[in-house]
Amino acid sequence: MTRHSTEIGGIRLDVSATEKYLPAAELQAMAPAVNAAAAELEKGTCPGSEYLGWLDLPDRITEEEFQAIETSAARAQKDSSLYVVIGIGGSYLGARAILDALGGSVEGCPEIIFAGTGLCSASLDRVLKKCKGQDFRICIISKSGTTLEPAVAFRALRTMLAEQFGQEGAAQRITAVTDTNRGALRQLATDEGYETFIIPDNVGGRFSVLTPVGLVPLAVAGIDVRALVAGASQMRKACLNENLESNPAHLYAAVRHGLYTRGFTTEVMSTFHSDLQTVQEWWKQLFGESEGKGGEGIFPASTVFTTDLHSLGQYVQDGKRNLQETFLCVRHAVSELTVPGDESEGGNLDGLNYLAGRTLDEINWKAYEGTKNAHISGGVPCTSLEIERITPQVIGGLLFMFEKAVGVSGRLLGVNPFDQPGVETYKKEMFRLLGKTQ
C-alpha cells in the first residue's frame, strides 16, 4: 500500500500517522481477512445475520416512504412549536446526532426536544415544564413500548397532552414508530389510532438512523432527509470496493483492529467541532455495543477539543500508551466569524493582533493540526477523518461508513456485532430491586 488516504463524498480518511505502529505492508496483508468479513455481511452468513437490514437500507427506501414521512412532517410543522422525541439509545441518538451536527431545526420548523433518554427526574421535569401550555406533538419510538425509560416519559407526556388537547386531540398529536404487529406500543397505537411508522424487524436500534426512527423527527426539523439518504447510498457503493486503500469503512476497520492487536485497546474520538459531540455519543454506542463482548473490544471514548485539551489533554499526550486516536474535524463551520483587530491606544494587551482578520475556522484547524502533531510525537497513533463542511449528504455518508466499519471490525474480533446480551444484566437487577414481578 503506497497511499494512506481516501476521500469519498466530502470525507477524507487519512491513516498515514499510524504507519509507525502498523506498517503499510502489514496493513495490506489484512485485506483478505477484511474482505472475508465484508463478504459475510453481504452474503448474510455472519452471526446476527437476521439484523443486516441496515446494509442496503439507503437503496431500499421508496418514494412512497419518503412522501409519507414528509406529509407527517408538514402536519407537525403546521400546528406545533415543539416536537418531543421519546426514545433511548439508538431510538434517539442517530436523529439527535444529525440534528446537532447540522445546527438544529431549520427556521420556521418545530424545535425538537428529547425525552425518555434516562431516569433523571430533573431532566423529565424540564421537558414537562417546557411543553406545558405549548402546541406540542409526541413521537414515541420503541419496538416494545415497555422499555422503562421511554415508557415512563411517554406516560407523563401523553397525560399532559390529553389534559391540553383532550383524549382524541392528543391521539392525533402522537406518532408511534414501532414494530409491525407486536408489542405494547403497537397495541396502544392501534387502539388509540396513532399515526404509525414501522421499525424494520431486521434493523437493530443502533443501526436504525435511516429508518423512520431517524427520518421522521429529522424531516419535522426541516432536514433534507432525501439528501441524507443519498449520501449514505453513495458511501454504501464506495464501501463495496475490495481494494482496501479505496474503501473508507474497510480501511478504518482494518487500522483500528490492527492497532488493537498491538495493545492500543482504547480509541479516543477527538473533534474540534462542538456540534459533533452527539455524533461522538452515537459512535460510542455503535462501537461499544457492537464490539464489547466475550472479553474483547476496543473501548470507545471521546473528547471535544480545544476544551478538553485543558482537562484530558495531559493524559492523551503523556499518559498510558494504550490509546489510539481518531480525529473527526470540520474545516469550515462559520466562515464569516473573524478575530477583530484592536488599534486603540494601549490596545493589543492580549497580544492577539497577529490574528486580526483571520477566521476562527482557520485558527481552529491549526489547533487540530498542532494537536495531532503533538499527539503523534507523544506516541499516539492517529487516524483523521477530515470534512470540508457538514451537509446532510456528508453526515449521511459518515454514519453509514461507521456502520459498515463496525460490522467488519466486529467480525475481525470474532464477535456477533448485532446483539447486546450484556445490556440485559443491569435491567434484570434493576427490576429486581424495584420489585417487578413479571
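Quick look at the structure, then.

Attention shifts here to the overall build of the protein chain. The number of helices and strands found in the protein chain is 16 helices and 11 strands. The C-alpha atoms of the protein chain give 23 Å as radius of gyration, which agrees with the globular expectation for 438 residues (22 Å, within 12%). The C-alpha extent of the protein chain, read off along each of the three principal axes, is 70 × 65 × 50 Å. Of all 438 residues assigned to the protein chain, the portion counted as buried reaches 51%. Taking the contacts inside the protein chain whose residues are at least 6 apart along the sequence as the reference set, 78% of them involve residues at least 24 apart. Of the roughly 19000 Å² of accessible surface on the protein chain, 51% is carried by carbon and sulfur atoms. With 40 positive and 53 negative side-chain charges, the protein chain shows a separation of 5 Å between the mean positions of the two kinds.

As a further point, take the nonpolar core. Membership of the largest hydrophobic core comes to 91 residues, with the highest contact counts inside it found for V279, L398 and F402. It is helix α15 (residues 392-413) that provides the largest number of residues to this core, a total of 11 residues. In contact with L398, not counting residues within four places along its chain, are I11, V279, L328, L385 and I387. In terms of nonpolar packing, the next biggest core, distinct from the first, is built from 25 residues, L128, C131, M160 and A170 among them.

The end-to-end C-alpha distance of helix α11 (residues 248-260) is 18 Å, a good match for the 18 Å that 13 residues give at a rise of 1.5 Å each. The opening residue of α11 is N247, an N-cap whose side-chain oxygen sits 3.2 Å from the backbone nitrogen of A249.

Pairing is parallel in the open sheet, where 5 strands are placed in the order β4-β3-β5-β6-β7. On the outer flanks of this sheet lie β4 (111-115) and β7 (195-198), each paired with one strand and no other. Averaged over all neighbouring strand pairs, the angle between strand axes comes to 20°, with direction disregarded. Of the pairings in the sheet, the one linking strand β6 (residues 174-178) to β7 comprises 4 bridges and is parallel in character. Bridge pairing in β7 places T178 opposite I198. Packed on one face of the sheet, helix α4 (residues 63-79) meets β3 (82-86), β5 (136-141), β6 and β7 and runs near 140° to β7.

What follows concerns the packing of aromatic side chains. For the structure on display, the rule yields 17 aromatic pairs. A centroid spacing of 4.9 Å and a plane angle of 25° characterise the contact between W54 and F207, whose relative ring orientation is stacked. With W54 in the loop between α2 (31-43) and α3 (57-60) and F207 in the loop between β7 and α9 (212-220), this pair connects stretches of sequence that are 153 residues apart. Accessibility assignment for this pair places W54 and F207 in one class, buried. The rings of Y252, W282, W283, F287 and F402 are connected pair by pair, giving a single aromatic cluster. Positioned above the aromatic ring of F154, the side-chain terminus of R158 is 4.8 Å from the ring centre. Sitting above the plane of the F165 ring, R173 keeps its charged end 4.1 Å from the centroid.

Further remarks concern the packing of α4 against helix α10 (residues 225-238). For the pair α4 and α10, interaxial distance at closest approach is 11 Å and the crossing angle is 140°. For the pair α4 and α10, the contacting residues are E63, F66, Q67 and E70 in the first and V225, R226 and V229 in the second. Of the residues contributing to the contact of α4 with α10, the split by class is 3 nonpolar, 1 polar and 3 charged.

Let us look at the environment of T18. Note that T18 resides in the loop between β2 (11-14) and α1 (24-29). For T18, a relative accessible area of 1% corresponds to the buried category. Of note is the side chain of T18, whose polar atom sits 2.7 Å from the backbone oxygen of V15.

Cis rather than trans, the peptide bond between F305 and T306 has omega equal to 10°. Along the chain, the position of T306 falls in the loop between β9 (299-304) and α13 (313-318).

The next subject is the pattern of salt bridges. Scanning the model with the defined rule gives 25 salt bridges in all. Between D179 and R182 there is a salt bridge, with its nearest N and O atoms 3.5 Å apart. Given a relative accessible area of 4%, D179 falls into the buried group. Residue classification places R182 among the exposed positions, given a relative accessible area of 52%. Salt-bridge contacts for R206 lead to E289; the nearest nitrogen and oxygen are separated by 3.0 Å. Taken as a pair, R206 in the loop between β7 and α9 and E289 in helix α12 (residues 277-291) lie far apart in primary sequence, 83 residues in all. Relative accessible area serves as the criterion here: at 5%, R206 is assigned to the buried category. The network of salt bridges with shared partners includes E42, D59, R236 and K237.

Rules used in this analysis
Residues numbered from 1 in each chain as written. Predicted model: local features only at pLDDT ≥ 70, side-chain atom pairs only at ≥ 80, totals over all residues. Heavy atoms only, no water. Helix = DSSP H or I, 4+ residues; strand = E, 2+ residues; numbered from the N terminus. Rg over C-alpha atoms; globule rule 2.2 N^0.38 Å. Buried < 20%, exposed > 50% of the residue type's maximum accessible area, 1.4 Å probe, protein only. Contact = heavy atoms within 4.5 Å. Areas by Shrake-Rupley, 256 points an atom, 1.4 Å probe, with all protein chains shown as cover. Lys, Arg positive; Asp, Glu negative; His and termini not counted. Charge placed at Lys NZ, Arg CZ, Asp CG, Glu CD. Core = buried A, V, L, I, M, F, W, Y, C linked by side-chain atoms within 4.5 Å. Expected span 1.5 Å × (residues − 1). Polar contact = N/O pair within 3.5 Å; in protein donor to acceptor, adjacent residues only side chain to side chain. Pairing = 2+ DSSP bridges. Axes fitted to C-alpha atoms, helices over the stretch in contact; angles between N-to-C directions. Phe/Tyr/Trp six-rings, centres within 6.5 Å; stacked < 30°, edge-to-face > 60°. Lys NZ or Arg CZ within 6 Å of the ring centre and 35° of its normal. Nonpolar A, V, L, I, M, F, W, Y, C, P; charged D, E, K, R; others polar. Salt bridge = Lys/Arg side-chain N within 4 Å of Asp/Glu carboxyl O.

The values are spatial; any link to function lies outside them.
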